[in-house]
Amino acid sequence: MQIPFNMRSSTPHHLPSSFRSCLPLTLPLLLLSLFTPPTVSEALPSSSLKLRETGYNPSITSPPPIVLSVYNLPEFLRFILAPSGTPVASNNDAEMLPKHYTRGFGWNKEEDQKDADAGWVPAGLATWEDASPTVSEGEDGWKGDDSAKDTAIVSWRQENNAGVRITIIGNATSTSKSAVKKYAHIYLVSLSRSSEESELEIHPLGGVDPGTSLVWHHNWLYVGNDTTGILAFDLSHIWKVNPSSSPHNATYVLPQARSYVPSTNDKRFLQPFQEFKFSFLTLDRSTEVADGSPSMLAGDWETSAARGTYMIKWPFTPGGGRLKTVMTDGLLIATATWAWRMDIVRVRGIAYSPVQKKYFIAQKPQRDANSTEERPAGDFNVSGDLISWAPDSDEDSHDGVLARGVAGLAYVRNQDELWMVGTSEGARGVVGVDAEGYAPGGPSPSSTGTTETSRPTVTQVETTSQTSTSSSGASADSDSDSGSSSRVNKSAIAGGVIAGGMVAIAICIAAFFFCRRHRRNRGERRINLELEATEVIEAGYTGGHLSPKKGAVLVELPGGRLAAGTEPVEAK
């Protein structure tokens, strides 16, 4: 006889039960997809990240009458800083120092109090080690002699982005006890003319948010400016001006020579870098071996581990202090060679160590000094955290080992030291630590770095601080230091643990329902077939069993239902 269509096993009655068997596995996986955090540590395409180099400002070589003298950096160090610079400050308060401290200094107490009242906050740091070339003489005439040896430069920003200045410190990183450390401030300015016939005007570098960015390479100084790009200054043109006619009543100014801006029409990178901020800069020597020149590494300030911190590298011209550019459609274009997104956030500075072959990252702590409450913006009154990191490798975190309110970070190769800027009350100064102390396994027995329980009498800062805020994370709090610290944000790791647990639960639930359904349906085996005009012979039960003659069989199941198949089926 012919089986009616509604009696075949391919009837719609059986499709929902098959579909329902997938639900125990489908629903947990759906929930899993909603809660699994994104992966934020990864390499990203870099070829579209291009900077356009502007032309050199010709007005720099034709200074206005307000300019009394012009110095290059070696001349400034010899004729200005050495005889008339301000001596650094010192005291014996070793308790304020970071672990593995080596050397350091602070600012003149009275001067720094005035700076604090005027809203000046230390930010970035660069040393002569970054400035020195890898060849005897660069194409731009920088010979890399010892005239600037052991010199350091600190950048400052003024509250409300009203101005930017640098401080040049002679003998800053010197190991000699007899070396005299002095410093002088130089204000960064821009130049303009209202008309071709008008006199050149000098303006404060207002509206610029440098974050903690500062790079010194050959005779060029680079400062980041939030989302707009990088500002470049030629250290061979330091102007002495009349203070009564200059911005900030400054005696020394350094005019902007050129800039590097994103090459797109709207001066923004494409996604996912559209909101990229040039919050920190560093000279990266990890590319010297492969490319023959170091690179400039730029990164942005970020507090969300879900977004992560974006970083980009642009190479320098071999033997020169400018970024490597190629003429494209009449424009000088610098193309990035590397881009990365990492889950380490609240980055205040970064420096590469050729010795450790890792990046050292200064991180602003996440928790308040007197509370366990999470504070995404961080806390300046807790000692900073140090992280050693390399792409595609595990990070190594050291909590609370850096200066309080840590800002810029720089690496000194010949001494294997990390130098940093402190910005909090009692820590506004510049200090160095033994980098070997933070290598895997810790310092060797011969290490000159100090330990937590043994610290020397040191040069230290004696100043007060102020509260300030910027989009690059340069904000300070007035809470006292309790010595508490926090580890790097582990949101991604925690998310991975949660995700793994949910997967395990989903598998267990699916296995449970599968076994339960398998046992229940063991006696009701159904096979979905295409029965094309197959003649089925209806037969009676013989010992609870059907014996087909040929082709399909027909079985009566409990409840009077019929099922078709190609082999005998036990009947209940």
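Only a predicted model underlies this, so the values are computations on that prediction, with no experimental measurement involved. (Residues numbered from 1 in each chain as written. Predicted model: local features only at pLDDT ≥ 70, side-chain atom pairs only at ≥ 80, totals over all residues. Heavy atoms only, no water.)

### Some thoughts on the overall build of the protein chain
Put simply, the test is: Secondary structure elements follow DSSP: runs of H or I of four or more residues count as helices, runs of E of two or more count as strands, with numbering from the N terminus. Between buried and exposed lies partly exposed: a residue is buried under 20% and exposed over 50% of the maximum accessible area for its type, with that area taken using a 1.4 Å probe on protein chains only. Contact definition: two residues touch when any of their heavy atoms are within 4.5 Å. To measure how exposed things are, a 1.4 Å probe is used in the Shrake-Rupley method; for residues, cover is taken only from the protein chains shown.
When helices and strands are counted, the protein chain shows seven helices and 30 strands. Counting over 572 residues, the protein chain shows a buried share of 52%. Summarising the internal contacts of the protein chain: among those between residues at least 6 apart in sequence, 66% fall at separations of at least 24. Of the roughly 25,800 Å² of accessible surface on the protein chain, a fraction of 52% belongs to carbon and sulfur atoms.

### Details of the nonpolar core
Applied cut-off: The criterion is simple. A nonpolar core is a set of buried Ala, Val, Leu, Ile, Met, Phe, Trp, Tyr and Cys residues joined through side-chain atoms within 4.5 Å.
One finds Leu51, Tyr222, Trp239, Phe269, Phe273 and Trp314 to be the most contacted residues of the largest nonpolar core, which totals 54 residues. Sorting elements by how many residues they give to this core places strand β9 (residues 182–192) first, with four residues. Contacts of Leu51, omitting those with residues within four sequence positions, involve Ile230, Tyr260, Val261, Pro262, Ser263, Phe269, Phe278, Trp314, Leu323, Leu332, Ile333 and Ala334.

### Some remarks on unusual backbone geometry
Most peptide bonds take the trans configuration, and most residues that are not glycine carry a negative phi. Here Gln271 and Pro272 are connected by a cis peptide whose omega angle stands at 5°. Turning to its location among the elements, Pro272 is positioned in the loop between β15 (252–262) and β16 (280–284). Phi at His218 takes a positive value of approximately 55°, unusual for a residue other than glycine. Residue placement: His218 occurs in the loop between β11 (215–217) and β12 (220–225).

### Quick notes on the environment of Pro255
Here Pro255 shows up in strand β15. Judged by relative accessible area, which is 1%, Pro255 ranks as buried. Separated by 195 residues in sequence, Pro255 and Ile60 place their C-alpha atoms 7.1 Å apart. Aside from chain neighbours lying at most four places away, what touches Pro255 is Ile60, Val189, Leu191, Phe233, His237 and Trp239.

### Section: helix α3 (residues 73–84)
Stated precisely, the cut-off is as follows: Read the arc as the range of directions from the helix axis to the C-beta atoms.
Within α3, burial applies to Leu73, Phe76, Leu77, Ile80 and Leu81. Down the axis of α3, the buried side of the element spans an arc of 125°, and every buried residue falls inside it. Exposed side of α3, more than 90 degrees from the buried face: Arg78 and Pro83 are the residues found there. Residues of α3 that are buried make contact with β3 (67–71), β8 (164–170), β9, β11, β14 (238–241) and β15.

### Quick look at the sheet that holds strand β17 (residues 295–299)
Going by this rule: In this scheme, strands are said to pair when DSSP sees at least two bridges between them.
Strand order across the open sheet formed by five strands is β1-β21-β18-β17-β16, with antiparallel pairing between neighbours. Two strands lie at the open edges of the sheet, namely β1 (42–43) and β16, each paired on one side alone. Alignment of β16 against β17, held across five bridges, turns out to be antiparallel. Looking across to β17, one finds that Phe280 is bridged to Gly299.

### Description of the sheet that holds strand β26 (residues 409–412)
This is how it is decided: Here an angle of 0 to 180 degrees is reported between the N-to-C directions of two axes, which are lines fitted to C-alpha atoms, with helices fitted over the stretch in contact.
The antiparallel open sheet is built from four strands, whose spatial order is β5-β28-β27-β26. The open sheet is flanked by β5 (101–106) and β26, the only strands paired with a single partner. Across the sheet, the axes of successive neighbouring strands diverge by a mean angle of 20°, strand direction being ignored. As judged from the four bridges shared by β5 and strand β28 (residues 429–434), these two strands associate in the antiparallel manner. Counterpart to Phe105 in the pairing with β28 is Val430.

### Some thoughts on the pairing of β8
With respect to burial, β8 is a largely interior element, seven of its seven residues being buried. Going residue by residue along β8, you find Val164, Ile166, Ile168 and Gly170 tucked away on one face and Arg165, Thr167 and Ile169 tucked away on the opposite face as well. Taken together, the six bridges between strand β7 (residues 152–158) and β8 define a ladder with antiparallel strand orientation. Note on β8: the bridge partner recorded for Ala152 is Ile169. In textbook terms, the turn of a hairpin is the stretch between consecutive antiparallel strands, and for β7 and β8 this stretch comprises five residues, one of which, Asn160, has a positive phi near 65°. Where β8 meets β9, six bridges bridge the pair, whose relative direction is antiparallel. The partner of Gly170 across the bridge, within β9, is Lys182.

### Some details on the confidence of the model for the protein chain
Low pLDDT means the predicted atomic positions in that stretch should not be read closely. For clarity, the cut-off: Every residue gets a pLDDT, meaning the predictor's confidence in that residue, from 0 to 100.
On average, residues of the protein chain score 75 in pLDDT, and 64% of them are at 70 or above. Note that residues 32–39 has pLDDT below 50 and, in this model, 10 contacts with residues that lie over four places away or in other chains. Low pLDDT, under 50, characterises residues 368–380; the predicted model gives this stretch 48 contacts beyond four residues in sequence or across chains.

### Brief notes about the packing of aromatic side chains
Applied cut-off: Between the rings of Phe, Tyr and Trp (Trp by its six-membered ring), a pair exists once the centres lie within 6.5 Å; its type follows the angle of the planes, with under 30 degrees stacked, over 60 edge-to-face, and the other angles tilted. Counted as over-ring charges are cases with an Arg CZ or a Lys NZ within 6 Å of the ring centre that also lie within 35 degrees of the ring normal.
Under the criterion given, the structure shown has 20 aromatic pairs. With 5.8 Å between their ring centres and 80° between their planes, Phe105 and Trp107 make a pair best called edge-to-face. Classification of Phe105 as buried rests on a relative accessible area of 1%. Members of the aromatic cluster, connected to one another through ring pairs, are Phe269, Phe273, Phe276, Phe278, Tyr310 and Trp314. The positively charged end of Arg165 is found above the aromatic ring belonging to Trp156, 4.4 Å away from the centroid. If you follow Lys313 out to its NZ or CZ, it ends over the ring of Trp338, 4.5 Å from the centre.

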